[in-house]
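Residues per chain, in single letters:
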Amino acid sequence: MFRKRAFTLIELLVVIAITAILMGIIVVPIIQSLNLTRAAQAFADAQDKARTLTERIAREINNSEGVRDNSGTKGELDIVVPAKPGSALTVAGYDNTRELTRVPIFNAKLDLIKPFEGDPGSQSGGAFLNPYTGMYDPTLHAPKGQVMLPAAPGMTIVRYWVGLRDPLRTNNGGYLGYNEPFTGLFANIGGRDNLFVLYRAEVLPYIWSNTQNKFVVNKAFFYDQSRNTYLHTTGTRADDPRFFDPAAVGVDDTFQDPTDGTVHNYYKPSGDPDYNVADPDNTPDPTKEQMVQNWLRAATIQTEVSRYDMIQPIYDLRTRQIQYDGNAPRLMTLVSFQPTRVSSEPAEGQMAVRLGEESEGSSTLAPDVFLTKYAGWANTIVRTYPQGYTAGSNQLYEVGLALRSPGATDPRGFSIYGYDPTQTTDDTRVGQPNGLGKYGYELMDMDTYIRGVKNGIRGNFSRAIAAANTRSAWLGDNNLRTLFTPYFPDFNRGRVLASFAISEVATVGTAPDFTPTAINDPTNPSALPGGPTWTSPDATDPMPTEPKSPFNDYPRTAGNAVDLSAGTFSDPQYVSINRKFNKIWFDMQNGALPDMRPDVHRFIDLRVTPMDDFSATASPLNPDRAIGFARARIVPGSEQVFGPDQNPGAAYGRVVRYTRTSREPGPNQYRMNFTDLPEPDYTLLGLTPPPANYDPTNFVSAVIQPRYKAGYIQFNSDPNVPLPNNKIRVYYRFQFTQAKDVMAVDYDSRQLMTVQMTIRNLPQSTIPNPQSVTLRATASVRNFLR
């Protein structure tokens, strides 16, 4: 009988060992290949997600009407993350058993302004009718139509931002905050991850109020600064760095405005305080948590909801220890919306005068608008090199910028400074302390100018100069007065406007709030300069009479209060245009003045014609360099001359707008100098040369020489026909730029945005490191309005 022999223990162990070796040889590579496949799949997923997102955001930027400024604090988000172990730091409103702190991240928020969409005549789909424009704008409600071209801004903004997947998740009686259990870099508190993701939302910053019959801030999403008693903040607080933080509840505080010394209620940057003013619509105000809930309802997550993190701590790869600044971890955001930096671009001067509007001296006219290639400026520095400037010399030039960290008495925004290269080699330090004072000399506070314009205050050109002068006392320096070339930087449109309206000139107080003096004539609310055509300033004849020509204004008769044989042309009784003209003709006829009747006009010399306020504010064109400015000129084509209608008929004497001509002016016409013209040899005309300084009592200086100076306006000078009785008023813009001035601008352009996206897929249990991929896209705002 055949007997079976069992395996011995040694044989069994040998078989098991061989089997284990074979399984190791076969299975381990399979598992490794599966892990590598999974890692490759995670990398491919991350790459696909990054590519899709960057292309989508770039496309939206291309089709938008504009991008809001997100530089510096305007693109900042304050996020709550674990603090350095052992710091014992906590954040109010969050889990107090965890060590937490707030850390700012930058360029992590982007606001796009959507263009107006749809047919403005369409009333279908419940589109909102804008009461201001009378147009239906489907950007507010579905369905949406086609973009209207040329594009106009709609009412909707698209916001992208980095925020917690679940900002309202609670733990231990407070908000949980960030929870990343995968890498082991932060303490693992267990439970599901709560990572930072990328959100997208379309919201309306303003909505229509039927109660107030106007657009009001959409308080469901934004804090309404108009309901805070701080005077200089209105509208939405669109750049709150903690808008998505439910625990960032503000507290009321006070703030002393350095420009006027007044104290206002204000909000601290920790969040939004309670409103100081009740809502006129009588609707309840949302809490901060409700505002975050509203954002969550409006938003969609663009990245994955788990294992995809949009922040990354900076850590040592060898020790895997996070680097800390104090108790705050160093973080980098994995999505960045950055404007493109442009350095020292010479701004292009626009046409100084159009064809058909030529005048004498056109070749010396200078532009008052300078345009850069791209719009949407941020972090702007404007350098103005005067005509004749030599690079590398110690000549003065201007630098315009906003201080990054202004002190309590410093300007709050953009200011223009005179820069002396002998002070320092770095002109970006103007306005900063140098031990003895400040680098540079502040010439014009544009923040005061802009706030004054917004608040409807008169005389903002003078107010902006006065605000700067209180800090630098530059008005007493002749070199700085000669250098002075003011301008208004239009950051959104990417241009420099180097001219100002004469209505922005006034005599103002020497201390905040630099209040302008009152106007003289209520019918002239802009206090425009000019003068009467005919007056009878005499106690015997206080009322104006019918104007007379040189041929019937003498001898003195009843109703004629002024005797042309008395005094000189500069006396007060000859202040009117007709009276002065008549007096000069009379004196020439009687030998008191040289007979130059063909060369004598009815005119206004804007250089010495003051504003119509109680202080008779001097013109910036004034030839006295202690009063006026050497560079001041009138912007060609900006003038508007209003005077009495000179044509016979029912409208005779009523105020009409005159027309400019390059020939001898007739009725309702004028001729004007925009630049200084070559002067003749006065001795060849039988005249004594005028004095170096303007003299209102000197015939050549006050009557003959002005016709060769900028600001001279000649009217109909027919000696047989006087100008009708009324006032002539002149509006004009003045500029300080000259033909060969150069403006170079450093700026970040929001018209050309760079989107850099890193998708970080956190590790699986068998993969030690996250899979990351970074893509970059550049997009231009094609519809940027300029």
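This text follows the structure it describes.
Just so it is clear, the model here is predicted, and its values are computed rather than measured. Along each chain, residues carry numbers from 1 onward, in the same order as the chain's sequence is written. Thresholds applied to this predicted model are a pLDDT of at least 70 for local features of residues and 80 or more for the giving and counting of side-chain atom pairs; totals over whole chains, interfaces and linings are not thresholded and use all residues. Think of the side-chain values as coming from all heavy atoms in the structure, minus any hydrogens and water.

Caption draft 1: Layout of the packing of helix α3 (residues 446–454) against helix α4 (residues 460–472). In the contact formed by α3 and α4, the axes pass within 8 Å of each other and the chain directions differ by 145 degrees. Our pair here, α3 against α4, has a crossing hand that is right-handed. Contacts from T448, Y449, G452 and V453 in α3 reach N460, F461, R463, A464 and A467 in α4. Three residue categories are used. Nonpolar comprises Ala, Val, Leu, Ile, Met, Phe, Trp, Tyr, Cys and Pro, charged comprises Asp, Glu, Lys and Arg, and polar comprises the others, including Gly. Looking at the contact of α3 with α4, its residues break down into five nonpolar, three polar and one charged. Helix axes are fitted only over the stretch in contact, all axes being lines through C-alpha atoms; the angle between N-to-C directions runs from 0 to 180 degrees. In this description a helix means any DSSP run of H or I spanning at least four residues, a strand means any run of E spanning at least two, and both kinds are numbered starting from the N terminus. Two helices cross in a left-handed way if the nearer one is turned anticlockwise from the farther one by less than a right angle. They cross in a right-handed way if the turn is clockwise. Between two residues, a contact is recorded if the distance between any of their heavy atoms is within 4.5 Å.

Caption draft 2: Molecular detail of unusual backbone geometry. Cis geometry is found at the peptide bond from P512 to D513, where omega equals 15 degrees. Secondary-structure assignment places D513 in the loop between β30 (499–501) and β31 (530–532).

Caption draft 3: Summary view of the pairing of strand β2 (residues 77–82). We call a residue buried when its accessible area falls under 20% of the maximum for its residue type, exposed when it is over 50%, and partly exposed in between, using a 1.4 Å probe and counting protein chains only. Burial of β2 is extensive: six of the six residues sit out of reach of the surface. Any two strands between which DSSP finds at least two bridges are classified as paired. When β2 meets strand β3 (residues 100–105), the two strands line up antiparallel, connected through six bridges. Bridged to I79 within β3 is V103.

Caption draft 4: Quick peek at the sheet that holds strand β36 (residues 659–660). In spatial order, the strands read β32-β38-β37-β36; together these four strands make up an open sheet with mixed pairing. Edge positions in the sheet fall to β32 (603–605) and β36, since each of these pairs with one other strand and no more. Relative to strand β37 (residues 669–672), β36 runs parallel, the two being bridged by two bridges. Across the sheet, the residue bridging to R660 is Y670, located in β37.

Caption draft 5: Layout of empty space enclosed by the protein. Definitions used for this entry: grid spacing 1 Å over protein atoms alone; cavity, a set of points where a 1.4 Å probe fits but cannot get out; pocket, an open set with protein on both sides within 12 Å along at least 5 of 7 lines; lining residue, one with an atom within 4 Å of a point. Grid points are joined across faces, edges and corners, and a volume is the space filled by probe spheres set on the points. For the structure on display, the rule yields three cavities of 30 Å³ or more. As a volume, the largest cavity reaches approximately 170 Å³. In this structure, the largest cavity is lined by 16 residues; those nearest its centre are D78, I79, F196, F244 and D245. No other element matches β2, which puts four residues into the lining of the largest cavity. Partitioning the lining of the largest cavity into residue classes produces 12 nonpolar, one polar and three charged. Size it by volume and the second largest cavity reaches roughly 60 Å³. Lining the second largest cavity are 13 residues, and of these F221, F222, R237, D240 and F243 sit closest to its centre. Considering each element in turn, the lining of the second largest cavity owes the most residues, three residues, to helix α2 (residues 288–298).

Caption draft 6: Looking closely at the pattern of salt bridges. Salt bridge, as used here, is a side-chain nitrogen of Lys or Arg placed within 4 Å of a carboxyl oxygen of Asp or Glu. Under the definition given, this model contains 40 salt bridges. The partner of R383 in a salt bridge is D427, with the nearest N and O atoms 2.7 Å apart. One end of the pair, R383, is in strand β24 (residues 377–385); the other, D427, is in the loop between β26 (414–419) and β27 (441–445), with 44 residues separating them in the sequence. Accessibility expressed as a relative area gives 11% for R383, which makes it buried. One salt bridge in this structure joins E442 and R471, with 2.6 Å as the shortest N-O distance. A residue pair is termed long-range when its members are at least 10 positions apart, and E442 in strand β27 and R471 in helix α4 qualify at 29 residues. The exposure class assigned to E442 is buried, which follows from its relative accessible area of 5%. Classification of R471 by relative accessible area gives partly exposed; the value is 32%. Put simply, R68, K109, D111, R159 and D239 are held in one network by salt bridges that share partners.

Caption draft 7: Representation of the packing of aromatic side chains. Stacked, edge-to-face and tilted labels apply to pairs of Phe, Tyr and Trp rings (six-membered ring for Trp) whose centres lie within 6.5 Å, assigned for plane angles under 30 degrees, over 60, and everything in between, in that order. Summed over the entire model, instances satisfying the criterion amount to 40 aromatic pairs. Taking 5.8 Å as the distance between ring centres and 80 degrees as the angle between the ring planes, the aromatic pair formed by F551 and W585 counts as edge-to-face. Residue F551 is found in the loop between β31 and α6 (577–589), and its partner W585 is found in helix α6; the two are separated by 34 residues along the sequence. Residue W585 is classed as buried on the basis of its relative accessible area, which comes to 11%. Seen in terms of ring centroids, F629 and F736 are 5.7 Å apart; in terms of plane orientation they differ by 70 degrees. Their pairing is edge-to-face.

Caption draft 8: Seen up close, the side chain of N294. Structurally, N294 is set in helix α2. Of the residues examined, N294 reaches a relative accessible area of 15% and is grouped as buried. Here a polar contact is recorded for every N or O atom pair within 3.5 Å, except that within protein the pair must consist of a potential hydrogen donor and a potential acceptor, and residues adjacent in sequence are included only if both atoms are side-chain atoms. One polar contact links N294 to R297, side chain to side chain, over a distance of 2.3 Å. When near neighbours in sequence (up to four residues on either side) are disregarded, N294 contacts A220 and F221.

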